[in-house]
Amino acid sequence: MVLLIQYTIIFTSVLMLVALGGCFAEHSGVINLGLEGIMVLGSLGGALVMRFFPNLPGPVMIIAVLAGAIIFGMLYSCLLGVAAINFKADQTIVGTAMNMLSVAAATVFVKAMNTAANPDDVSSVIQYNAQKQNFLLKVGGFEFNIFMLVAVVGLVVAYLTLYKTKFGLRLMACGEHPQAADSVGINVYKMRWAGVLISGIYGGLGGITYIMVSAAEWKFEVGVHGFGFLALAVMIFGQWNPLRICLTALLFGLFRALASVYSGIDFLANLNIPSTLYNMLPYIISLVVLALTSKNSRAPKAEGIPYDKGQR
Amino acid sequence: MLKKILKNDGFQTLITSLLCIVVGLLLGFVVLLCINPTSAASSTIEMIKNFLHFSSTNLRLKNLGNTLAKAAPLLMCSLSVLFAYKVGLFNIGAAGQFVIGSCACIYAALAWHAPWFVCLLFSIVVGAVYAGIVGLLKAYCNVNEVISGIMLNWIGLYTTNALLTTVKDPNSPYTLHIADVSPGSILPTLGLDKLFSNNKYVTIAIPLAIIIAIAILVLLEKTKLGYELRATGNNKNAAKYAGMAEKRNIILTLAIAGALAAMGGAFLYLTDYELWNCTETAVPAMGFNGIAAAFLGGLNPIGAILSSYFIQHITNGGAYVDLKVYSSQISDLISSLIIYLCGFVFFLKYALNNAMRKSEEKKAQKTPVDLEKGGKK
C-alpha cells in the first residue's frame, strides 16, 4: 500500500509538471503538442549531466541535473516558439514534428556518444543507477523523492505566477483576446514567447522526473510513452487551472501507479486481470474523462490561432 | 509566362517541398559532420543512393523492390493523414490504426488461415471502426482528435501485443511467418516479383496503393461526397447550415482514414516482409512517417506517392550509413526535420504571393500613366 501511494505521488508529479507547462503555453495562446518532445529532450539534458559528472556531491548533483533538464527543455521549446509565433506555422504540425524529432535526435546523439566511448556499444542507453541515489530519501518504508518536492514547488509557483502577478494576468489576456491585450500596450509576441519558454522549463523537469522514477537506465529510442499527451489530457480535464490540474493528475497518477505495483497488492493480484489491461488503463481512463469533459471546455479562446497584428 | 508558372499552386508546392528536402538533408549532413567529420559526406551519399549502393543490377532491383514494398504501406498511411486533413482533422491516430490493422490481418492469417482478401477486408473493417471511435468522440463530445488519437495509439499497441502473443513463435518474441503457416494469406504477386529479380515481397500491394491514391484524389475533387467533406473541413457551421450532416461527415472521414491506414498495415504484414514483435514498447514509426509524407507531398495524393517513396527511400538508405560511427536513425532525424520545415511552407507561400502581389500593384500604378501618354499621341 505504501508502494502504491509512493508511485501515485511520483507519477502525479510527472503529469502535473508537464500539464502545468502546457497550461502556461495555452494560456499565452500557443497549443503545445510538442510537450512529449520537450520531455524527451529535458530527460536527455538531465541524464547527460549524470553521465558526464557522476561524482558531484549530492546537493550539487541535484541542482545540476535539474538545471540540465531545464536548459534542454527551454532550448527545445524555442523550435515551437520560432515556428508558431514568428512564422505563424500550423502549431499541430510543428508540435508533431518536434515529438518525432526529439526521439530521433536523442537516439542519434546517445548512440553516437556510446559508440565513441566504446566501439562495440551501439545502444541508446544512459545509466544512472548510482547517481539516482542522491535524489532519494528513505523515511520508514516510504521512499521520498526530491522530484515530489520539485512538483509541489512547481505547482505553487505556477499558481502564484498565473493569478497573483501582473505578468500572469497579462499572459492569460494574450490567450483570451490578443488584440485587446495589444491595444493596452502588452507585447503579445513577447508574452507568447514567455509562455512557450516556461512550458519548456516545466516539460523538461517533467521529462527528467519521468525517466528517473521509472528506471535506473533509460533507452532513448522509446521516448516517454505518450506521457506528454497524457499530461495534455490532464490539462484539459483540469480546465487549464493549476489547482484542478493537481487533482486530475492525482487521479491519472493513481491509475498509472496501479500498472506498476498491482502485482504486489494481494487483492488486485487475485483478480487475475492481465497486465496489458493495467498498462492500457491510464489511456482508457483519459479517453473516457475527455469524452465527459470536453463539451464544456474552458479553453483559452485564442489558443492555436497565430497572432497577426494587422488582423481585426 | 514565368509569372503564371510561379503563381501556380502546384508549382509552388513542388518548389517549397524540394526546398524542405534540401534543407532537411543539409541539416542531417551537419549533424553527421558534428558526430564524425571523416565519413559524413560518404554516409550522406550512401543514404541518398539507397539501392544504388550495390553494384550488380540484380541486387539493385531486389533492394528497390524492398523499398517499394515498404513505400506502399507508407503511402496508405500518408493518404490516411491527408484525407483527414482535407476535412480539417489531424489524424495522428494513423499510427494506431496502422497497428490495429496489422494486428487484424496477422491474427486472421495465423489463427484462422483465412485467404488474403479476407485478411485484408478484416483489417479494413477493424481500422475503420477503430478510427470511428475518434470520429464519434470528436463529433459528439468535442474531444480533440489529436489527443484521443494518441491515446488510441497506445491502447492499440498494447491490445496488439496481447492478442498476437497468442499466435507467436514460442521461442522468440516475434509472430510466426505467415508464409509457413498459411501461404494462402500472403498477398499475390501476379508476376510482379519477376520484375524485381524474384523479390517475393513485391506484391499487388504496390499497384493497389497507387490506384487507391488516385481514387482518393477523384473522391475528394470530383464527387459530391468529397465536396461535402471538404466543405465540412473548411467551416463546420457553414456546412451544417447548408444542410450537410456535419457529424456524420466527421465520423465517415475518420472511418475512411482508419481504413486506409489499416490497409497499410495489411500491405506490410501480408507480404511477410516483417514480423510483429510482441514485446514492442513503442508505436511503430510508419504512421508518423505518413504525416511527414502527407505534408511533404503538399497534401495531394499524387504528391503523396512521390513523397512516400522519397521518405521510404532515405529510411531504407539509413541502413547504408557508416554504422561504425553513426546510427541508422539518422534518416528518422532527417524525415522529422523535413516535417518541421513543412510547418513553414504556408508562410513561404504566403510571403511569395505577397511579394508578387506587391510588385503587380506597383506596375498597376504605373500603367494608367502610360495609357494617358499613349492616348495623347
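Everything discussed here concerns the structure shown above.
Just so you know, these numbers come straight off a predicted model, no measurement behind them.

Draft legend 1. The arrangement of the overall build of chain B in detail. Each helix and strand counted, chain B has 17 helices and zero strands in total. Relative to the globule expectation of 21 Å for 377 residues, the C-alpha radius of gyration of chain B, 23 Å, shows essentially globular dimensions. With respect to the three principal axes, the spread of C-alpha positions in chain B is 95 × 60 × 40 Å. Of all 377 residues assigned to chain B, the portion counted as buried reaches 53%. Expressed as a percentage of contacts within chain B between residues at least 6 apart in sequence, the contacts between residues at least 24 apart total 76%. Across chain B, the 29 positively charged side chains and the 18 negatively charged ones have centroids separated by 11 Å.

Draft legend 2. The environment of L277(A), seen in detail. Residues and elements named next belong to chain A. Tracing the backbone through its elements, the reader meets L277 in helix α13 (residues 275-293). Judged by its relative accessible area of 37%, L277 falls in the partly exposed class. Placed 237 residues apart in sequence, L277 and V40 show a C-alpha to C-alpha distance of 25 Å.

Draft legend 3. A look at the interface of chain A and chain B. Residue-level contacts link 41 residues of chain A with 41 residues of chain B. For the pair chain A and chain B, the interface holds four residue pairs in polar contact (both at pLDDT 80 or more). Residue assignment for the side of chain A that touches chain B shows that the elements contributing at least two residues are α3 (58-86), α4 (91-117), α10 (227-237) and α13 of chain A. Of the residues forming the side of chain A that touches chain B, the biggest block, 14 residues, is contributed by α4(A). Looking at the side of chain A that touches chain B residue by residue, the class counts come to 27 nonpolar, ten polar and four charged.

Draft legend 4. Spatial organisation of the environment of P37(B). Within the secondary structure, P37(B) is located in the loop between α2 (9-35) and α3 (40-49). Considered as a pair, P37(B) and V345(B) are 308 residues apart in the sequence and their alpha carbons are 31 Å apart.

Basis of the calculations
Residues numbered from 1 in each chain as written. Chains lettered and ligands numbered in written order. Predicted model: local features only at pLDDT ≥ 70, side-chain atom pairs only at ≥ 80, totals over all residues. Heavy atoms only, no water. Helix = DSSP H or I, 4+ residues; strand = E, 2+ residues; numbered from the N terminus. Rg over C-alpha atoms; globule rule 2.2 N^0.38 Å. Buried < 20%, exposed > 50% of the residue type's maximum accessible area, 1.4 Å probe, protein only. Contact = heavy atoms within 4.5 Å. Lys, Arg positive; Asp, Glu negative; His and termini not counted. Charge placed at Lys NZ, Arg CZ, Asp CG, Glu CD. Polar contact = N/O pair within 3.5 Å; in protein donor to acceptor, adjacent residues only side chain to side chain. Nonpolar A, V, L, I, M, F, W, Y, C, P; charged D, E, K, R; others polar.

Geometry only, nothing functional implied.
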